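Read off the chains here:
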Amino acid sequence: MPTPRRFLALLADLRLAILLLLAIAIASIAGTVIEQGQSLSYYQAHYPEKPALFGFLSWRLLLALGLDRVYRTPWYLALLVLFGASLTACTFSRQVSALTAAQRWQYYQKPQQFAKLSLSTTLANVTLAELATALRQRGYRVWQTDSQLYARKGLVGRIGPIVVHASMILILLGGILGALTGFMAQELIPSGDTVQLQHLVQAGPLARIPQDWSVKVNRFWIDYTAAGDIDQFYSDLSVLDAAGQEVKRGTIHVNRPLRYRGVTFYQADWSIAALRFRLNQSPVLQLPMAPLDTAGKGRLWGTWLPTKPDLSEGVSLIARDLQGTVLIYGPKGEFLTSLRTGMATQLNGVTLTLVELVGSTGLQIKADPGIPLFYAGFALLIAGVIMSYVSHSQVWGLQEQTFLYVGGRTNRAQLAFEQELLAILEALSGSAQRPALNATP
């Protein structure tokens with residue numbers, strides 16, 4: 001066998017396709033179980049060398065194999081390409097040829113040929129025209145001469161596997177395209193600020209990060225329940241072009257993103273960015289707030305506010321949410337008072353007025369050009385699976401004097417086909433007794 005044909009036969013081998021699919025499944029499971037796109041310190045903390053997970057999986061091996069970014073590694077993309085090539089080879093060498101063979105047919109010219117069919121019988125005093133009419137009523141497409149007949153239905157069942165293969169190839173192409181050209185960024189933006197994409201979490205080698213537009217957070221707010229828990233948080237966003245003109249605006253919340261030119265903005269997190277206040281009759285001042293280490297016991301933000309020009313004295317301000325309450329502590333950690341938005345208090349001889357707490361919205365910004373291919377692939381997959389359940393049934397007939405030889409076969413639902421053929425023959429024979437069908441295994 002020539003080398004190209006041998007290679008094509010190997011590529012179309014079902015065993016190879018199963019092995020590749022198993023390898024892709026294992027890799028995908030690893031990418032699901034192992035956190036993707038985390039920092040080096042994260043993997044060093046969670047996958048130490050001593051003791052290594054399962055005795056061998058340490059952070060060094062994990063990073064060396066690319067298990068921190070499974071879906072973008074060259075070996076994973078190579079598996080997808082090879083599996084796609086196997087599906088393509090199988091489609092053209094097996095499925096397309098099977099469809100072509102199903103479309104080719106010939107009349108049976110001798111009664112002995114009917115013995116090769118899975119179901120066959122002989123009727124007396126029944127004409128070929130009567131058989132043709134009965135088959136058409138059952139949805140068959142019929143070809144006939146004066147003494148020969150061929151009928152079939154359900155050819156779509158032969159097309160179904162091809163559609164399934166095509167859908168899987170589309171899904172694979174979507175995965176490859178997304179891995180090569182997609183990106184994901186995370187931005188923590190204070191209310192009122194405008195930023196361009198800067199903090200990339202991951203990006204494909206061919207990804208193009210947009211720099212001709214920016215996103216502005218017009219307002220960020222949180223709705224709270226009566227018990228004081230977070231109900232939902234919202235971001236009013238504007239997309240600005242290079243000239244600073246608004247080209248799109250929308251309010252997002254969890255499970256309701258904003259989309260612009262193939263980029264999707266998701267509401268992912270929040271924080272407290274700053275505190276705005278007045279000292280005596282001063283203009284509105286602003287101090288940044290930073291998250292505090294609480295050892296996993298909730299989220300707190302804090303800042304230090306000087307109450308004397310020489311910074312010799314001051315107080316610590318602590319907030320836990322955006323409901324407008326700030327706790328004030330002295331230099332020795334003693335609790336002094338609490339303050340709500342719009343209220344004032346005396347501290348070290350000055351009047352502190354709390355104007356507002358400024359929130360930051362945490363956005364996950366993602367682009368995946370392979371998503372349309374994913375959707376198209378899954379839609380085709382559903383259609384192909386449904387089509388594959390349709391039986392491809394064939395019936396032959398031969399008229400010799402007063403005898404009519406009838407036989408047929410199907411590729412699935414053998415019992416249903418047998419019952420259908422028996423019903424046709426029973427109607428043709430005009431007898432309450434069913435004609436005998438010879439079944440060939």
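Computed from a predicted model, the values in this text were never measured in an experiment.

**What to know about the overall build of the protein chain**
No. 1: Regarding its fold elements, the protein chain presents nine helices and 22 strands.
No. 2: With the C-alpha coordinates aligned to their principal axes, the bounding extent of the protein chain is approximately 120 × 50 × 45 Å.
No. 3: For the protein chain, with 441 residues in total, the buried portion stands at 41%.
No. 4: Contacts spanning at least 24 positions in sequence make up 57% of the contacts within the protein chain whose residues lie at least 6 apart.

**Side note on the pairing of strand 19 (residues 350-367)**
No. 1: Counted residue by residue, strand 19 has 13 buried out of 18 residues, so it is predominantly covered.
No. 2: Two strands pair when backbone bridges link them, and strand 4 (residues 183-190) and strand 19 are joined in this way by eight bridges, in the antiparallel orientation. Residue alanine 185 lies in a different strand from strand 19, and its bridge partner there is isoleucine 365.
No. 3: Relative to strand 19, strand 11 (residues 263-279) runs antiparallel, the two sharing 15 bridges. Within strand 19, the position partnered with arginine 276 by the bridge is glutamate 356.

**Looking at the packing of aromatic side chains**
What describes a pair of aromatic rings is the distance from one ring centre to the other and the angle between the planes of the rings.
No. 1: In this structure the tally under the stated criterion is 19 aromatic pairs.
No. 2: Measuring from centroid to centroid gives 4.6 Å for tryptophan 105 and tyrosine 150, while their planes differ by 10 degrees, and the two rings are stacked. Of this pair, tryptophan 105 sits in the loop between helix 5 (74-103) and strand 1 (119-124) while tyrosine 150 sits in strand 3 (residues 148-153), placing them 45 residues apart in sequence.
No. 3: Overall, the relative accessible area of 29% leaves tryptophan 105 in the partly exposed class.
No. 4: Each member of the aromatic cluster is reached from another via a ring pair, and the members are Trp105, Tyr107, Tyr108, Phe114, Trp143, Tyr150, Trp396 and Tyr405.
No. 5: Over the ring of tryptophan 221 we find arginine 219, and its NZ or CZ is 4.2 Å from the ring centre.
No. 6: A cation over a ring is seen here: arginine 299 above tryptophan 270, with NZ or CZ 5.1 Å from the ring centre.

**Section: a nonpolar patch on the surface**
No. 1: A cluster of nonpolar residues, Leu53, Phe54, Phe56, Leu61 and Leu65, forms a patch on the protein surface that exposes about 500 Å² of accessible area.
No. 2: By the element assignment, leucine 65 lies in the loop between helix 4 (59-64) and helix 5.
No. 3: Owing to a relative accessible area of 42%, leucine 65 belongs among the partly exposed residues under this scheme.

**Notes on the packing of helix 2 (residues 14-33) against helix 5**
No. 1: Taken N-terminus to C-terminus, the directions of helix 2 and helix 5 make an angle of 150 degrees; their axes are 10 Å apart at the nearest point. Comparing their axes, helix 5 and helix 2 come out roughly antiparallel. Crossing handedness for the pair helix 2 and helix 5: left-handed. Residues Ala17, Leu20, Leu21, Ala23, Ile24, Ala27 and Ser28 of helix 2 touch helix 5, and the partners they reach there are Trp75, Tyr76, Leu79, Leu80, Leu82, Phe83 and Ser86.
No. 2: Its residues placed into classes, the contact of helix 2 with helix 5 shows twelve nonpolar, two polar and no charged.

**Notes on the sheet that holds strand 15 (residues 314-319)**
No. 1: Pairing is antiparallel in the open sheet, where five strands are placed in the order 13-14-15-16-17. What marks the edges here is a single partner per strand, and that holds for strand 13 (290-291) and strand 17 (335-340).
No. 2: Here two bridges tie strand 13 to strand 14 (residues 301-306), and the two strands are oriented antiparallel to one another. Within the sheet, the bridge partner assigned to alanine 290 lies in strand 14 and is glycine 302.

Calculation rules
Every chain is numbered independently, its residues counted from 1 as its sequence is written. Local features in this predicted model are restricted to residues of pLDDT 70 or higher, and side-chain atom pairs are both shown and tallied only at a pLDDT of 80 or more, whereas totals for entire chains, interfaces and linings draw on every residue. Note that the side-chain values use all heavy atoms of the structure and ignore hydrogens as well as water. Helix and strand definitions here come from DSSP, where helices need a minimum of 4 consecutive H or I residues and strands a minimum of 2 consecutive E residues; each element is numbered from the N-terminal end. Relative accessibility decides the category of a residue: with a 1.4 Å probe and only protein chains considered, values under 20% of the type maximum give buried, values over 50% give exposed, and everything between is partly exposed. Whether two residues touch is decided by their heavy atoms; if any such pair falls within 4.5 Å, the residues are in contact. When DSSP finds two or more bridges between a pair of strands, those strands are recorded as paired. Planes of paired rings set the category: under 30 degrees apart is stacked, over 60 is edge-to-face and the rest tilted, where pairs are Phe, Tyr or Trp rings (Trp by its six-membered ring) whose centres lie within 6.5 Å. Remark: a charge is flagged as sitting over a ring if the NZ atom of Lys or the CZ atom of Arg is within 6 Å of the ring centre and within 35 degrees of the ring normal. Patches here: salt-bridge-free residues with over 30% relative accessible area, like charges joined within 9 Å, nonpolar side chains (Val, Leu, Ile, Met, Phe, Trp, Tyr) joined within 5 Å. Each accessible area is a Shrake-Rupley result for a 1.4 Å probe, and residues are judged covered by the shown protein chains and nothing else. What makes a salt bridge here is a side-chain nitrogen of Lys or Arg within 4 Å of a carboxyl oxygen of Asp or Glu, nothing more. Comment: axis = line fitted to C-alpha atoms, over the contacting stretch for helices; angle = value between 0 and 180 degrees taken between N-to-C directions. Angle categories: roughly parallel below 35 degrees, roughly antiparallel above 145, roughly perpendicular from 65 to 115, and oblique for all the rest. Handedness of a crossing follows from how the near helix is turned relative to the far one, being left-handed for an anticlockwise turn of less than a right angle and right-handed for a clockwise one. Here the term charged refers only to Asp, Glu, Lys and Arg, the term nonpolar to Ala, Val, Leu, Ile, Met, Phe, Trp, Tyr, Cys and Pro, and the term polar to all other amino acids, Gly among them.

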